[in-house]
Amino acid sequence: MDLNTRSLQSSNSKSKSKTMAKILEEEAEDEAEDLSSSCGCFFCAMKQPDARLRRASVAAFFRELPYSEDDDGGAVAAVWRAAMDAPDDPELPSLGAIRCMSLLLARAVDDAAWRCRGQNASVPYYAAHVLGTYTIRSSAHAELAVAAGAVRPLLAVLGGAMTWVERRAAARALGHLASYDATFPAVARHAAEAVPLAVRAASTCVSDVYTNYVALALSKRPKYQRELLKRGLGGGVGAEDRKAEEWASQLQCWSLYFLSCLASRDPSSHVLICEDPVFLRELCRMWGGLANGDSPAGVGLLRLLCRSSVGRGAITACPDALSGLCDLARSSDDWQYMAIDCLLLLLDDRDTWHDVADATAPCLIDLAELRRLGPRRRLGDAITSALLLDDEDDHGHEPELGAGAREAIASLRKEKIERKEKEEAMSSDELLERKLLAKEKKRQGNDIFWHGEVDRAIELYTEALELCPLSGRRERLVLHSNRAQCWLARREVDAAASDATRALSLARPANTHARSLWRRAQAYDMKGGMARESLLDCLAFAGAWLDSRKHGRQRAAARGANLKKLPYCVARMIGKQMSVTGLFAGMSADGGNVGRDNRMPRCSDGDDGGDEDEKDVDGDDCDHDESEEEFYETELRYRFADHGRGDLEQQIGP
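Values in this document were obtained by computation on a predicted structure and should not be read as measured data.

Q: Would you mind going over the layout of surface pockets with me for this structure?
A: Gaps between atoms show up when a probe of the same size as a water molecule is rolled over them. Within this model, the largest pocket holds a volume of roughly 1,100 Å³. As for the largest pocket, its lining consists of 37 residues, and the residues nearest its centre are I365, D366, S411, R483 and R502. Among the secondary structure elements, those contributing two or more residues to the lining of the largest pocket are α20 (319-329), α22 (353-364), α24 (403-424), α26 (454-467), α27 (473-489) and α28 (493-506). Sort the elements by how many residues they give to the lining of the largest pocket and α24 lands first, with ten residues. Here the lining of the largest pocket is composed, by residue class, of 13 nonpolar, seven polar and 17 charged.

Here's what the structure looks like:
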């Protein structure tokens, strides 16, 4: 009985196995029939309602596409759209999208005839962009790209195998691949080749885009490039050119990001990066612009280079690099703190301290009152310690500092150490007396200034600064700002920028005192060659202006001031500086020399009335500037004779 039962069960089991095998065979035949009946394009594959069939169809599409002889531009564009819509979705990469794009890019590099066929011209751009999109946040996708051999064709594109359009996408993808621990070694193996290519791309991209696209007549611009740039754009040729400028900036930023990834993980790459002195000289001036403000660009790479002795030595030996860092450190750029970091790293090295202090001390002392800037804390104290480091060690074997640096460091020592110790020994009554005397000197300076005696006003403000206790942060801020206005009246722009910077360093938060921003913007404009710094200060002032308008000012309303729009002189300055700071500003037919408008209105405000009565809280409270409305009441215009001095015309409201 048991044997018969077991035999029956075995027979049933075999029958079920045969039935299941037959079902699977039929399903496979149906699936093959469905796939064969499909047109095989990406669109049809993605429309499959059955998830299993859809995955099979998409996988088959990705396997066959790199070897297709058809015009595949439209299909690759569809994959690009899918990647842009869902860059973190693992489905398409798991089905072969990354391998497919890598093979297509390699084919485009090797087969120029295929690349020039129909819509295939856009395939390399889309393929490289898809690789960069899928690897932007996924180490696993980056590993798939490396395994598919994407590094080699991406480097070929970056090296000039194609145009600037494809180089932009390639630099982006390479930067992502170099940013992960798992895939960095695969990229670093090619560092000897990759670093010079990225350096060249960052250095030449602006002239390349201008020469090979913007400067061309519309009929001579490559059709596929125009289609890529105009995608989703309106506004005609002007919008197209602005898009080209934005892409040129992105190509530069992505190239610098790629170099930064190499420099951060492989210090030996610093030698390769620093080989080109011209690149180092221009590096601090490479910035993301207003369109790519989230990129530290050149200063980010400089900070990484400053972490190695090779990088510090190369930067110290480049006066233009030090000058560029000083300019950025005394600006309202979001990356100001990175420039200060660079200078502090250079000053912390005893081998570079002397040369760096000699070149930068007169600028850095203006920042000695900085407390908090971005993620950095107590920056002013760090600057003071770095510059006074020479007091702690014997450096008799080193050459003496220049007169400017010696004077700057001596004044810093007097202000931050000697004067601080002296005031700590004073009684509260003595400090109050000095504060009242400083207030009176300030009042006298204001009166004298509005009577046209600028030199005497400078003397009074200076005396007030010497009397005002260091704890009177707000009072000192106003005195520095007012003295900056006096220097502007005398057209001593370096002194004006210095005092305005000191005022902005005393502000809480830093760089928020509106009138000091405007005064420094004017100083930088008058100095020339600092349009970027002037523009950023103007924009920061405009932000403060609009913020004050948003919150309203009872005082302004009571006086009938017009706060409805930005002062004309500020709007005009912004327009002027934007025309000068554009990437293509220096590449016009006349050589790019943008003539200075010496008739630019010099707007000013008067006394910081009421500031001296504001309670000084040496903390992080915002410094509100309540008199920007005076731009509509007062305006100073300067007329200078050939010898550089002139009359001060005053227009003072009631």
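Q: Sorry if this is basic, but what is going on with the environment of E91 here?
A: Structurally, E91 is set in helix α5 (residues 91-94). A relative accessible area of 21% places E91 in the partly exposed class. Through-space distance from the C-alpha of E91 to that of V58 is 9.9 Å; in sequence the pair is 33 residues apart. Excluding its chain neighbours within four sequence positions, the residues that come into contact with E91 are R54 and R55.

Q: I keep staring at the pattern of salt bridges and nothing clicks. Help me out?
A: Two side chains with opposite charge may pair up if their charged atoms get near one another. For the coordinates displayed, the defined rule picks out 37 salt bridges. The shortest N-O distance in the salt bridge between E400 and R406 comes to 3.5 Å. The class for E400 is exposed, based on a relative accessible area of 62%. R443 is the salt-bridge partner of E440, the closest N and O atoms lying 2.5 Å from each other. With a gap of three residues between them, E440 and R443 both fall in helix α25 (residues 428-450), about one helical turn apart.

Q: Help me understand the packing of aromatic side chains in this model?
A: Geometry of an aromatic ring pair is reported as the spacing of the ring centres plus the angle between the planes. Counted by the stated rule, this structure contains twelve aromatic pairs. Between W80 and Y126 the ring centres are 5.4 Å apart and the planes differ by 50°, which places this aromatic pair in the tilted class. Within this pair, whereas W80 is found in helix α4 (residues 73-85), its partner Y126 is found in helix α8 (residues 123-134), the two being separated by 46 residues in sequence. The buried category is assigned to W80, whose relative accessible area is 10%. The exposure class assigned to Y126 is buried, which follows from its relative accessible area of 9%.

Q: Got a minute to help me understand a nonpolar patch on the surface in this structure?
A: On the surface, a nonpolar cluster with roughly 260 Å² of combined accessible area is contributed by L290, L539 and M578. As for its position among the elements, M578 is in helix α32 (residues 568-581).

Q: What should I look at first to understand α28 in this one?
A: Since the α-helix advances by 3.6 residues per turn, residues separated by three or four positions end up pointing in the same direction. With 14 residues, α28 should cover 20 Å at 1.5 Å per step; its first-to-last C-alpha distance of 20 Å lies within 8% of that length. Buried within α28 we find V493, A496, A497, S498, D499, A500, T501, A503, L504, S505 and L506. Considering only its buried residues, α28 is in contact with α27 and α29 (514-527).

Q: Could you clarify how one ought to interpret the nonpolar core in this entry?
A: Judged by nonpolar contacts, the single largest core of 137 residues is most densely connected at F62, L154, F279 and L325. For this core, the element with the most residues is helix α13 (residues 191-214), which contributes 13 residues. Among residues more than four places away in sequence, those in contact with F62 are F42, V79, L92, L95, G96, A97 and C100. V454, L467, C486 and A496 belong to the second-largest nonpolar core, a separate cluster that totals 23 residues.

Q: So what exactly am I meant to see when it comes to the packing of α29 against α32 here?
A: Packed helix pairs are specified by the crossing angle of their axes together with the interaxial distance, meaning the distance between the axes. It is at 12 Å that the axes of α29 and α32 come closest, and there the two elements cross at 45°. Relative to α32, α29 is oriented oblique. Regarding α29 and α32, the two cross each other, and that crossing is left-handed. Here α29 contributes W518, A521, Q522 and D525 to the contact with α32, which in turn contributes C569, V570, M573, K576 and Q577. When the residues that make up the contact of α29 with α32 are grouped by side-chain class, the tally is five nonpolar, two polar and two charged.

Thresholds applied
Residues numbered from 1 in each chain as written. Predicted model: local features only at pLDDT ≥ 70, side-chain atom pairs only at ≥ 80, totals over all residues. Heavy atoms only, no water. 1 Å grid on protein atoms, 1.4 Å probe; cavity = no way out; pocket = protein on both sides within 12 Å on 5 of 7 lines; lining within 4 Å. Points joined across faces, edges and corners; volume = space filled by probe spheres on them. Helix = DSSP H or I, 4+ residues; strand = E, 2+ residues; numbered from the N terminus. Nonpolar A, V, L, I, M, F, W, Y, C, P; charged D, E, K, R; others polar. Buried < 20%, exposed > 50% of the residue type's maximum accessible area, 1.4 Å probe, protein only. Contact = heavy atoms within 4.5 Å. Salt bridge = Lys/Arg side-chain N within 4 Å of Asp/Glu carboxyl O. Phe/Tyr/Trp six-rings, centres within 6.5 Å; stacked < 30°, edge-to-face > 60°. Patch = residues over 30% accessible without salt bridge, like charges linked within 9 Å, V, L, I, M, F, W, Y side chains within 5 Å. Areas by Shrake-Rupley, 256 points an atom, 1.4 Å probe, with all protein chains shown as cover. Expected span 1.5 Å × (residues − 1). Core = buried A, V, L, I, M, F, W, Y, C linked by side-chain atoms within 4.5 Å. Axes fitted to C-alpha atoms, helices over the stretch in contact; angles between N-to-C directions. Parallel < 35°, antiparallel > 145°, perpendicular 65-115°, else oblique. Left-handed = near helix turned anticlockwise from the far one by under 90°.

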